[in-house]
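Structural characterization, general
These are the residues of each chain, in order.
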Amino acid sequence: MGTISISTSESIQIVDISSKVQSIVSRSGMKEGLCVIQSTHTTAGITVNENADPDVKKDMLKGLSVFDSDDYDHSEGNSAAHIKASLVGPSVSIIVEKGELQLGTWQGIMFCEFDGPRDRKIIVKVIGNGNM
Amino acid sequence: MGTISISTSESIQIVDISSKVQSIVSRSGMKEGLCVIQSTHTTAGITVNENADPDVKKDMLKGLSVFDSDDYDHSEGNSAAHIKASLVGPSVSIIVEKGELQLGTWQGIMFCEFDGPRDRKIIVKVIGNGNM
Amino acid sequence: MGTISISTSESIQIVDISSKVQSIVSRSGMKEGLCVIQSTHTTAGITVNENADPDVKKDMLKGLSVFDSDDYDHSEGNSAAHIKASLVGPSVSIIVEKGELQLGTWQGIMFCEFDGPRDRKIIVKVIGNGNM
């Protein structure tokens, strides 16, 4: 199991972690299988989105503001962050072939901070049919 | 493959099933790999969220009400439940190490009922690199 | 690894690909494990939803329109599609037993086009504990 540590700098922020995940896949020696990337937090999630225009990240954070509200009960005041993290999802699964994450041209693996800035930990596991 | 049966008591309700999932992982004898927890329904999903303050669950259900509407066509009248279940997702994948689900301190595996009360079935599979 | 090619005909459209995925599972010879179905695009995703009444698909597309907005910055003008794809998710994991996808009665695996019509590619991998 590999670990990625991230320190976010904004209250809401999307960070491309694709190259860090690929490094873990490469080190694992696994050539064929599945890579699971998992957030260990409840106000941050993992998804896939465009890796090119940074405006896509900004727009995604803007779009998710439909869940912002003053009408929540949780005393910490970060319920919107919990909702966004649960919807984006705690983990994402990407297929591995020939030792490479099978991402499309524009796909990047995105860590989504919804209640930063914080120090965050992501865990990564490669499951496969052996070191073929 | 393990099975978890749940009878929900509310129309919308979030239930922490982490300990039931851990029991299945422990019984499987698998020490290292991946655990997939899957709803077999189209108006209920699985995600991860905070396991401490119950208000987080209530707020999540409240936040998802942005999808409630009188403008849907499906004759059963539960389209919002279908949408919420699809967005939350039918399954979640959690990494397993040393026989333990690798959940963060505040993470719990949550069954999300969106069209209850009903009897629900969740299936669980542990995939791994052997009983190491 | 199997591949499914789809040419969508609408700007937003949901297509049931369950039987195509089952064909790949059957061809793999894998009897027990996990099937991962992954979109290789950033404006299309994969989820599970009802396979019966077509109105459920229409209502889901309608419900997701809460993310439509004129207030996005991405110059291609398809930010809502990126957001929907990230929320629905790039991949879905379904348990396999006895060579069959373990879908509930009403569950279908749905390819979700959010920026069509386009030619799309889905990749499918079966990971398991051998050809038992």
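What counts and what doesn't
Residues numbered from 1 in each chain as written. Chains lettered and ligands numbered in written order. Predicted model: local features only at pLDDT ≥ 70, side-chain atom pairs only at ≥ 80, totals over all residues. Heavy atoms only, no water. Salt bridge = Lys/Arg side-chain N within 4 Å of Asp/Glu carboxyl O. Buried < 20%, exposed > 50% of the residue type's maximum accessible area, 1.4 Å probe, protein only. Helix = DSSP H or I, 4+ residues; strand = E, 2+ residues; numbered from the N terminus. Least-squares fit on C-alpha atoms with pLDDT ≥ 70 in both. Contact = heavy atoms within 4.5 Å. Pairing = 2+ DSSP bridges. Axes fitted to C-alpha atoms, helices over the stretch in contact; angles between N-to-C directions. Disulfide = S-S within 2.5 Å. Buried area = accessible area lost by both parts, 1.4 Å probe. pLDDT = per-residue confidence, 0-100. Arc of directions from axis to C-beta. Polar contact = N/O pair within 3.5 Å; in protein donor to acceptor, adjacent residues only side chain to side chain. Phe/Tyr/Trp six-rings, centres within 6.5 Å; stacked < 30°, edge-to-face > 60°.

1. Let's talk about the pattern of salt bridges
Going through the model one piece at a time under the given rule, you end up with 24 salt bridges over all chains. R118 of chain A serves as the salt-bridge partner of D115 of chain A, at 2.4 Å between the closest nitrogen and oxygen. Assessed through its relative accessible area of 36%, R118 of chain A is described here as partly exposed. A salt bridge links D73 of chain B to K62 of chain C, with the nearest nitrogen and oxygen atoms 3.7 Å apart. With D73 of chain B in the loop between α2 (54-63) and α3 (79-88) and K62 of chain C in helix α2 (residues 54-63), the pair connects residues from two separate chains. Residue classification places D73 of chain B among the partly exposed positions, given a relative accessible area of 37%. With relative accessibility at 31%, the residue K62 of chain C sits in the partly exposed group. One salt-bridge network, in which partners are shared between bridges, spans D55, K58 and K62 of chain A together with D73 of chain C.

2. Looking at the relation of the copies chain C and chain B
With an axial shift of 0.0 Å and an RMSD of 0.0 Å, the rotation relating chain C to chain B amounts to 120°. The relationship between the two copies is best expressed as a three-fold rotation axis. The C-alpha atom lying nearest the rotation axis in chain C is that of L87 of chain C; the distance is 3.6 Å. Different-surface contact between copies: only 19% of interface residues of chain C are shared with the interface of chain B.

3. What to know about the pairing of strand β7 (residues 107-113) of chain C
Residue and element names in this part refer to chain C. Counted residue by residue, β7 has 7 buried out of 7 residues, so it is predominantly covered. The alternating pattern of β7 places Q107, I109, F111 and E113 and G108, M110 and C112 on opposite faces, both of which are buried. With 4 bridges connecting them, strand β2 (residues 13-16) and β7 associate as antiparallel partners. If you follow V15 over to β7, its bridge partner there is F111.

4. Re the side chain of N78 of chain B
Residues and elements named next belong to chain B. Positionally, N78 belongs in the loop between α2 and α3. Classification of N78 by relative accessible area gives buried; the value is 8%. Excluding residues within four positions of it along the chain, N78 makes contact with T43, D115 and R118.

5. Considering the sheet that holds strand β8 (residues 119-128) of chain B
Residues and elements named next belong to chain B. Pairing is antiparallel across the open sheet formed by 5 strands, whose spatial order is β1-β8-β3-β5-β6. The two strands at the open ends of the sheet, each matched to only one other strand, are β1 (2-7) and β6 (100-101). Contacts from helix α1 (residues 18-28) reach β1, β3 (33-39), β5 (91-97), β6 and β8, with the element oriented near 160° to β1.

6. Examining the state of the cysteines
A covalent bond bridging the sulfur atoms of two cysteines is what the word disulfide describes. Under the criterion given, the structure shown has 0 disulfides over all chains. Summary of cysteine pairing: C112 of chain B is not part of a disulfide, and the nearest cysteine sulfur, belonging to C35 of chain B, is at 16 Å.

7. Describing the interface of chain C and chain B
With 32 residues of chain C in contact, the opposing surface of chain B contributes 30 residues. Both faces considered, chain C and chain B share a buried interface measuring about 2500 Å² in area, 58% of it formed by carbon and sulfur atoms. There are 4 salt bridges connecting chain C and chain B. Put simply, K58 of chain C and D73 of chain B hold a salt bridge, and the shortest N to O gap is 3.6 Å.

8. Remarks on the confidence of the model for chain A
Detailed reading of the predicted model is not advised wherever pLDDT is low. Averaged over all residues, the pLDDT of chain A is 95; the fraction at 70 or higher stands at 97%. The complex prediction reports pTM at 0.97, with the ipTM value standing at 0.96.

9. A word on the sheet that holds β7 of chain C
Residue and element names in this part refer to chain C. Across the sheet, 3 strands lie side by side as β2-β7-β4; this open sheet has antiparallel pairing. Each edge of the open sheet carries a strand with a single partner, namely β2 and β4 (44-50). With strand direction ignored, the average angle separating the axes of adjacent strands in the sheet is 35°.

10. Overview of unusual backbone geometry
Residue G116 of chain A is joined to P117 of chain A through a cis peptide bond whose omega torsion reads -5°. With respect to the helices and strands, the residue P117 of chain A is situated in the loop between β7 (107-113) and β8 (119-128). In this structure, K98 of chain C is a non-glycine residue whose phi angle is positive, near 50°.

11. As for helix α1 (residues 18-28) of chain C
Residues and elements named next belong to chain C. Within α1, burial applies to S18, V21, Q22, I24 and V25. Here the buried residues of α1 occupy an arc of 160° about the axis, which is enough to place them on one side. Pointing more than 90 degrees away from the buried face of α1 are the exposed residues S19 and R27. Backbone geometry just after α1 places G29 at a positive phi near 75°.

12. Some details on the side chain of S86 of chain C
Here S86 of chain C lies in helix α3 (residues 79-88). In this structure the side chain of S86 of chain C is engaged in a polar contact, spanning 3.0 Å, whose partner is the side chain of N49 of chain A. Excluding its chain neighbours within four sequence positions, the residues that come into contact with S86 of chain C are T47, V48, N49, M60 and V88 of chain A.

13. What about the packing of aromatic side chains?
Within this structure, the stated rule accounts for 3 aromatic pairs over all chains. Note on F67 of chain A and F67 of chain B: the rings are 6.2 Å apart at their centroids and 55° apart in plane angle, and the pair reads as tilted. Within this pair, whereas F67 of chain A is found in the loop between α2 (54-63) and α3 (79-88), its partner F67 of chain B is found in the loop between α2 and α3, the two belonging to separate chains. Note on F67 of chain A: relative accessible area 0%, which makes it buried. The rings of F67 of chain A, F67 of chain B together with F67 of chain C are connected pair by pair, giving a single aromatic cluster.

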